[in-house]
Amino acid sequence: MEISTFNPFTEKELGRYKVASLEDVKETIRNLKENQLKWRENIDKRIDMLKESKKNFEKNVESLATLMSSEMGKPISQSIAEVQKTLRLFDYYIENGEKFLENEYIHTEAKKSYIRFDPLGVIIIIMPWNFPLWQVARAAIPALLAGNAVLLKHASIVSGSSLKIQELFNLDTFRSTITTGKIIDDAIKFSDGVSFTGSTAAGSIIAAEAGKNIKKFVMELGGSDPYIVLDSSNIDEAVKNSVYARLQNNGQSCIASKRFLINDSIYDEFSRRMLEEYSRVKVGDQLDKDTYIGPLSSVSQKDIITKQLKELKSMGTVISTGDNFGNVIRPALVKMDKDYGEEVFGPIAMLSRFKTIDEAIKLANDTPYGLGCSIWGDPDNAEKLVPYIESGTVSINKIVASDPRLPFGGTKKSGIGRELSRYGILEFTNIKTVWVN
């Protein structure tokens, strides 16, 4: 059995890859377990090896970005930015990882009592296509630095990127496997933990498999993030930032703002200016450095968004910025008359009005998801909303974005556990209590 990858803009085949069997995957895990036993012993050596990995990525920024964009449609300028952001992630953990993993001494009546952080073993990371490198790196780098080995199962449409990432890490404790979701689900029992980023539906299946086998897991799942615009906001800034907030990665981002909740007194002006900004973005070939909106990742993804647009027409007024073509969906605004519960993973912004702060909070929380929330307005007033927003991140006068220095993750159906920062590196460790009399 083979997997093929395609350029979603030209729809031309890019590569074919043999699918690994369950026995193949089990053998890879066995080899990783053997290599991990030595890898875990010396953090200084791990840091040195990750420094070498970083150099490999630095030398291949353009080529890796081009491969990523070719396979899944992200505008090339955003793929380059993704690789550069990953380099900063390397720097953060190389600089801070040893400190994060130091023994934590606790004063008790013992001669000595402390907490140590030991690696679990082999961690399977199951990653999506929308950020082909960043999603992998933010799971893999802290897990590796903590002394674990990592097996990557990437989305099939970025199989070439997956193998390139393995080549650039160049570690015997990092392997990429090209296989099916069913096979990797069956392989979870042979691992020591699993990290998954993707849809809530797929995450629930993987979490059930991990739970059945008592394996530690971290889930970073879907989102339908609110973008709240208060009447005290700087409308220029709020409109300008709404472009990247919704249209980053062709609208295919779990932390993209999807529901725009706008104070009634500024709704008409804001929506008019937002439509003007969305109409200006350049649409086309993702490998053109001036392109802002490229194709969606696949024909199936385009079909899903097309279906959702039809459903949204019965729930509000859909305003498109032009005709769609191929796998390209042009940005569109939907002035909502009622709620739409599904996550829209494409460049479609849903707009709703509110009159009071209580109404804004209710609308923001009226979703099964809770990943991020962006609030625009007077900082002191906006911060008063924070305790009542059900999400893992609240950004005030800034779009929601992951940052290596801060923990990232969601609540409700947006996930379990955290990535990044010290919290992320400790997720796949045994937090071990030691008492010495």
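Analysis parameters
- Residues numbered from 1 in each chain as written.
- Predicted model: local features only at pLDDT ≥ 70, side-chain atom pairs only at ≥ 80, totals over all residues.
- Heavy atoms only, no water.
- Helix = DSSP H or I, 4+ residues; strand = E, 2+ residues; numbered from the N terminus.
- Rg over C-alpha atoms; globule rule 2.2 N^0.38 Å.
- Buried < 20%, exposed > 50% of the residue type's maximum accessible area, 1.4 Å probe, protein only.
- Contact = heavy atoms within 4.5 Å.
- Lys, Arg positive; Asp, Glu negative; His and termini not counted.
- Charge placed at Lys NZ, Arg CZ, Asp CG, Glu CD.
- Domains from an automatic or database assignment.
- Buried area = accessible area lost by both parts, 1.4 Å probe.
- Salt bridge = Lys/Arg side-chain N within 4 Å of Asp/Glu carboxyl O.
- Nonpolar A, V, L, I, M, F, W, Y, C, P; charged D, E, K, R; others polar.
- Pairing = 2+ DSSP bridges.
- Axes fitted to C-alpha atoms, helices over the stretch in contact; angles between N-to-C directions.

Per an unreviewed UniProt entry, the protein goes by the name Aldehyde dehydrogenase domain-containing protein and belongs to Ferroplasma acidarmanus Fer1.

(A) Spotlight on the overall build of the protein. Along the backbone of the protein there are 14 helices and 20 strands. On C-alpha atoms alone, the protein measures out to a radius of gyration of 22 Å, which is about the 22 Å that the 2.2 N^0.38 rule sets for 437 residues. Judged by the C-alpha coordinates and their principal axes, the protein covers about 70 × 60 × 40 Å. The proportion of buried residues among the 437 residues of the protein is 57%. A fraction of 71% describes how many contacts in the protein between residues 6 or more apart in sequence connect residues 24 or more apart. Across the protein, the 57 positively charged side chains and the 58 negatively charged ones have centroids separated by 3 Å.

(B) The domain arrangement of the protein, seen in detail. Taken as a whole, the protein is organised into domain 1 (2-221 + 414-436) and domain 2 (226-396). Measuring from the centre of the C-alpha atoms in domain 1 to the corresponding centre in domain 2 gives 30 Å. Counting residues at the interface gives 26 residues for domain 1 and 31 residues for domain 2. Here domain 1 and domain 2 share an interface that buries about 2,100 Å² over both sides, 55% of which is from carbon and sulfur atoms. Counting across the domain 1 and domain 2 interface gives 1 salt bridge. In this structure, the salt-bridge partner of lysine 289 is glutamate 62, at a minimum N-O distance of 3.8 Å. If you list the elements that add at least two residues to the side of domain 1 that touches domain 2, you get helix 3 (61-72) and helix 4 (76-100). In terms of residue count, the dominant contributor to the side of domain 1 that touches domain 2 is helix 3 (6 residues). Grouping the amino acids of the side of domain 1 that touches domain 2 by side-chain chemistry returns 10 nonpolar, 10 polar and 6 charged.

(C) Structural view of the sheet that holds strand 14 (residues 348-354). Taken in spatial order, the 7 strands make up an open sheet running 12-13-14-11-10-16-17, and their pairing is mixed. The sheet terminates laterally at strand 12 (316-320) and strand 17 (393-396), the two strands that pair on one side only. Across the sheet, the mean angle from the axis of one strand to that of its neighbour is 20°, orientation sign disregarded. Relative to strand 14, strand 11 (residues 257-263) is paired through 5 bridges, and the arrangement is parallel. In the sheet register, phenylalanine 260 faces strand 14, and the bridge partner there is leucine 351. Docked against the sheet, helix 11 (residues 299-312) engages strand 12, strand 13 (332-336) and strand 14, running at close to 30° with respect to strand 14.

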